[in-house]
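# Descriptive structure summary
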Amino acid sequence: MDYTANLQKLFALRFFSSLIPAYVIERLFWEERGMTIQMVVYTEIIYALTIVLLEIPTGIIADKWGRKRMLVLSALLACCEFLILLYATEFWHFVLVVLLAGVSHSASSGSENALLYDSLMLQGKASSFEKQLGRLNACNFVSAILAALCGSLLASKFGLELNYWISLGSALIALAISLLLIEPAAEDSAFVEEAIPFKTYIAMSLRFFRTNPSVSLVMLSAMVTGAAMGYIEEFWQLYVSRLGIPVVYFGVLSAAIMLLQLPGNLMAHALIRMFSYRTLIFFIMAILAVGFTYVSISKDFVGLTAMLIICLFSGVMEPIASGYLHHRTTSSMRATIDSFQSLGENLVHTLAGLGFGYFASKYDVFGGYGFIALICYAFLVWFIGASRKIE
């Protein structure tokens with residue numbers, strides 16, 4: 001069977017899943033509906049805890065019963081999220097939304113990368129995984145940039161709610177595309193393996209990380225980077241609002257945040273041939289630590305510039321970390337192992353959220369970013385001593 005079409009469908013799925021203009025005004029929309037920064041942080045923690053509880057079980061289900069089914073479930077829940085948000089007025093409505101979002105994320109996080117890698121492997125192109133994942137992420141950003149540019153203009157002219165109706169339509173198209181994906185069949189694979197009993201998946205996964213300390217360290221680096229970036233993606237709107245920037249420019253800023261992550265994603269496969277993993281990760285973490293410091297203390301356009309520089313260098317991390325992982329695991333546990341990265345990232349995100357919410361409540365969003373800078377510095381110091389384990 002020709003699995004080339006899977007790659008094309010994954011690109012289309014990413015495009016429409018990211019064509020969500022609601023995201024550019026999401027925090028303003030939530031604030032308009034009565035949500036404070038601390039309430040938003042609470043929902044972020046609930047979202048992260050949902051993923052912590054479900055990430056590994058959904059990864060196991062994806063490995064045992066099919067990655068396509070989990071991607072369809074993820075797309076279906078995304079449709080439900082936007083439908084509820086259109087009528088959300090109470091805190092518990094938003095809690096329900098983030099619960100659905102957590103399940104949706106858990107269902108897709110390990111499944112998509114596993115489906116991509118196995119589809120490439122069946123074509124003899126597994127070595128191009130980082131390159132294709134970078135392009136897939138680039139497609140994601142391009143779509144989100146288009147949504148952001150359109151979303152800010154629509155919000156300034158027609159109000160915030162219209163963007164949510166458009167986002168619901170895009171989510172429905174993504175659902176239709178997910179139904180067209182082809183599940184890589186075990187009998188077509190050159191690496192057929194005996195099915196692993198459900199109860200042994202977690203034990204085998206933990207054993208894999210214990211016997212591969214370099215993988216654990218690279219994954220932890222990606223977790224910290226992803227968690228830190230999450231607070232840019234979630235709260236940049238409030239940050240620039242405090243700088244007095246009108247909402248009509250939010251689309252341009254959102255586009256810039258995503259556009260700057262493109263080069264790293266597209267060049268990651270080339271950079272790992274030019275530099276060691278240790279050098280790349282050290283450099284990225286140093287940029288994050290210094291950058292978040294400026295974001296926190298420079299309550300002006302210098303801080304905004306630092307935020308954009310963070311975005312520029314952070315784009316390298318996901319492709320190199322995911323490639324490092326997938327090249328060292330097997331198909332029978334690929335989605336499960338990949339899910340551990342998302343699980344860890346959301347654990348870090350949850351712990352960081354407690355500090356971010358506390359300092360943001362006392363010193364506004366600037367204080368929250370100061371706490372993220374401290375986390376990055378702490379990890380960087382630890383990484384210098386531990387990184388000898390990286391192959």
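Our subject in this report is the structure included herewith. The shown structure was predicted, so the numbers you read here are calculated from the model rather than taken from an experiment.

### Some remarks on the packing of aromatic side chains
For the coordinates displayed, the defined rule picks out 19 aromatic pairs. Relative to Tyr324, the ring of Tyr277 has its centre 4.6 Å away and its plane inclined at 75 degrees; by these criteria the two rings are edge-to-face. Residue Tyr277 is located in helix 12 (residues 277–297), and its partner Tyr324 is located in helix 14 (residues 317–326); the two are separated by 47 residues in the primary sequence. Judged by relative accessible area, Tyr324 falls into the buried class, the value being 0%. With centroids separated by 6.5 Å and ring planes inclined at 20 degrees, the aromatic side chains of Phe359 and Tyr363 adopt a geometry described as stacked. One end of the pair is Phe359 and the other is Tyr363, both in helix 15 (residues 334–386) and four residues apart, which spans about a single turn. Assessed through its relative accessible area of 28%, Phe359 is described here as partly exposed. Ring pairing ties together the aromatic residues Tyr231, Phe235, Tyr239, Phe292, Phe356, Phe366 and Tyr369, which thus form one cluster. For the cation-ring pair, Arg328 lies above Tyr324, with the distance from its terminal atom to the ring centre recorded as 3.7 Å.

### Things to note about the packing of helix 9 (residues 213–242) against helix 13 (residues 301–314)
Across the interface, helix 9 lies against helix 13 with an axial gap of 11 Å and an inter-helix angle of 145 degrees. Crossing angle aside, the handedness with which helix 9 passes helix 13 is left-handed. Along its contact with helix 9, which presents Thr225, Met229, Ile232, Trp236, Tyr239 and Val240, the element helix 13 presents Gly303, Leu304, Met307, Ile310, Cys311 and Ser314.

### A word on the side chain of Glu112
Looking at the element boundaries, Glu112 is found in helix 5 (residues 91–121). Residue Glu112 is classed as buried on the basis of its relative accessible area of 12%. Contacts of Glu112, omitting those with residues within four sequence positions, involve Leu10, Arg14, Leu71 and Leu136.

### Let's talk about the state of the cysteines
Enumeration according to the criterion identifies zero disulfides in this entry. With no disulfide partner, Cys80 has as its closest neighbouring cysteine sulfur the one in Cys79, 6.7 Å distant. Free of any disulfide, Cys311 has its nearest neighbouring cysteine sulfur in Cys376, separated by 13 Å.

Conventions adopted
- Residues numbered from 1 in each chain as written.
- Predicted model: local features only at pLDDT ≥ 70, side-chain atom pairs only at ≥ 80, totals over all residues.
- Heavy atoms only, no water.
- Phe/Tyr/Trp six-rings, centres within 6.5 Å; stacked < 30°, edge-to-face > 60°.
- Helix = DSSP H or I, 4+ residues; strand = E, 2+ residues; numbered from the N terminus.
- Buried < 20%, exposed > 50% of the residue type's maximum accessible area, 1.4 Å probe, protein only.
- Lys NZ or Arg CZ within 6 Å of the ring centre and 35° of its normal.
- Axes fitted to C-alpha atoms, helices over the stretch in contact; angles between N-to-C directions.
- Left-handed = near helix turned anticlockwise from the far one by under 90°.
- Contact = heavy atoms within 4.5 Å.
- Disulfide = S-S within 2.5 Å.

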